[in-house]
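Residue strings, one per chain:
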Amino acid sequence: MRTPLVALALLSAAALTACGGASDDAAGATSETTAASTATAPQDALWGRTFLSTSVTGTAIPGGGPLEVAFPERDRIAMSAGCNRGVGSVDLSGGVVRTGPIATTMMACPGDLEAADTWMTDVFAAAPTWTLADDVLTLSSPGVTIALADKKTTDPDRPVVGTTWTVETLITPDAITSSQAIEAADANLTIGQDGQVSGSSGCNRFSGPVSVGDSTITFGPLASTRMACTDESVADVERSVLHVLDGEATYAVDGPTMRLTRADGTGLGLRAR
């Protein structure tokens, strides 16, 4: 009777060993799966960064560019080649840039810049390959290869205080407008370390107190000269500028540009001189 008991005991031990091996194998597989799921994808190094072109091999950017490519958040892309700005979805897997439909602003751009938007959309329509090495992003598609450097190192944000900012565009809730009248007005402003702002609204000089916060600038009340504008289109620009510089506006600096926006949706696009 003892022999069957010994055999039963041996069989039980073998079964336990087999179960233990299966458990170890499952644990190993689970560990490998977890490691794979938490591995960093190559494109994760691009999210939240902006790049500016430093060289273009092949078809040049009309108007000279540069091409700016931003990845403001995961699976989103923004771009500009010197004229309008485009935004849309993006898939960077497999080392290829695949964009969804791109929505763009609708500014009219002078001279060669008019063709910059077509150049830009053609580049991304071709689904270029991408690589990132030493903070240099390279995009390659048939006929063109573009090297882009991280914007924070090539074109850092200008300081709000102490910089002279020139008005480039007028912003409304429906549009961003550039025009010859805006260029002719040459409206500008400089915020000093002494808490004073001064500048030109187009036809007149202005000055007054200003307070700069983390995300807002509060202007005024401003004192201004009272010269009449002989050009009505420049007078319209002046009225728009003085409207934005009356009270609190939200600001955002991006390299050499700054945007001021009031709560009513009006604003100014400015560039550092």
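Residues numbered from 1 in each chain as written. Predicted model: local features only at pLDDT ≥ 70, side-chain atom pairs only at ≥ 80, totals over all residues. Heavy atoms only, no water.

1. Things to note about helix α2 (residues 116-125)
Right, on to step 1. Among all positions in α2, only A116, D117, W119, M120, V123 and F124 are buried. An end-on view of α2 places all buried positions within 165 degrees of arc, on one side of the element.
Right, on to step 2. A127 sits one or two positions beyond α2 and adopts a positive phi of about 50 degrees. (Buried < 20%, exposed > 50% of the residue type's maximum accessible area, 1.4 Å probe, protein only. Helix = DSSP H or I, 4+ residues; strand = E, 2+ residues; numbered from the N terminus. Arc of directions from axis to C-beta.)

2. Thoughts on helix α5 (residues 232-244)
Right, on to step 1. Compared with the 18 Å implied by 1.5 Å per residue over 13 residues, the 19 Å span of α5 between its first and last C-alpha is a close match.
Right, on to step 2. Burial in α5 covers these residues: V234, A235, V237, E238, V241 and V244.
Right, on to step 3. Summarising the contacts, the buried residues of α5 are in contact with β10 (164-171), α4 (180-185), β15 (216-219), β17 (247-254), β18 (257-261) and β19 (267-272). (Expected span 1.5 Å × (residues − 1). Contact = heavy atoms within 4.5 Å.)

3. Let's talk about the state of the cysteines
Right, on to step 1. Tallied over the full model, the rule gives two disulfides.
Right, on to step 2. Paired by a disulfide, C83 and C109 hold their sulfur atoms 1.8 Å apart. Every disulfide takes its handedness from the sign of the S-S torsion; for C83 and C109 that torsion is 95 degrees, giving right-handed. Taken together, the positions of C83 in the loop between β3 (76-80) and β4 (85-91) and C109 in the loop between β6 (103-104) and α2 put the pair 26 residues apart, joining distant regions of the chain. Grouping residues by exposure puts C83 and C109 together as buried.
Right, on to step 3. At a sulfur-sulfur separation of 1.8 Å, the disulfide partner of C203 is C229. With the S-S dihedral at roughly 130 degrees, the linkage between C203 and C229 falls on the right-handed side. A residue pair is termed long-range when its members are at least 10 positions apart, and C203 in the loop between β13 (196-200) and β14 (205-212) and C229 in the loop between β16 (223-224) and α5 qualify at 26 residues.
Right, on to step 4. For C203, a relative accessible area of 22% puts it in the partly exposed group.
Right, on to step 5. Ordinal numbering of bonded cysteines along the chain defines a disulfide pattern of 1-2, 3-4. (Disulfide = S-S within 2.5 Å.)

4. Considering the nonpolar core
Right, on to step 1. Of all hydrophobic cores here, the largest spans 27 residues; its most connected members are V167, L189, I217, L245, L260, L268 and L270.
Right, on to step 2. The dominant element in this core, judged by the number of residues it contributes, is α5, at four residues.
Right, on to step 3. Those residues within four positions of V167 in sequence are excluded, and the remaining contacts are I182, A187, V241, L268, G269 and L270. (Core = buried A, V, L, I, M, F, W, Y, C linked by side-chain atoms within 4.5 Å.)

5. So, the pairing of strand β7 (residues 129-133)
Right, on to step 1. Examined bridge by bridge, β7 and strand β8 (residues 136-141) share five bridges and lie antiparallel to one another. Each residue of the ladder has a partner; that of T129, found in β8, is S140. (Pairing = 2+ DSSP bridges.)

6. Some words on the environment of D214
Right, on to step 1. For D214, the location among the structural elements is in the loop between β14 and β15.
Right, on to step 2. D214 sits in the exposed class, given a relative accessible area of 82%.
Right, on to step 3. For D214 and T250, which are 36 residues apart along the polypeptide, the C-alpha to C-alpha distance reads 9.3 Å.

7. Details of unusual backbone geometry
Right, on to step 1. Going from G65 to P66, the amide bond is cis rather than trans, its omega being 5 degrees.
Right, on to step 2. Here A127, not a glycine, exhibits a phi torsion of approximately 50 degrees, which is positive.
Right, on to step 3. Mapping A127 onto the fold places it in the loop between α2 and β7.
Right, on to step 4. Even without being a glycine, D135 presents a positive backbone phi close to 65 degrees.
Right, on to step 5. Along the chain, the position of D135 falls in the loop between β7 and β8.
Right, on to step 6. Look at D135 and you get partly exposed, because its relative accessible area is 43%.

8. Observations concerning the packing of aromatic side chains
Right, on to step 1. Counted according to the given criterion, the structure contains two aromatic pairs.
Right, on to step 2. Linked through ring pairs, W47, F51 and F71 together constitute an aromatic cluster. (Phe/Tyr/Trp six-rings, centres within 6.5 Å; stacked < 30°, edge-to-face > 60°.)

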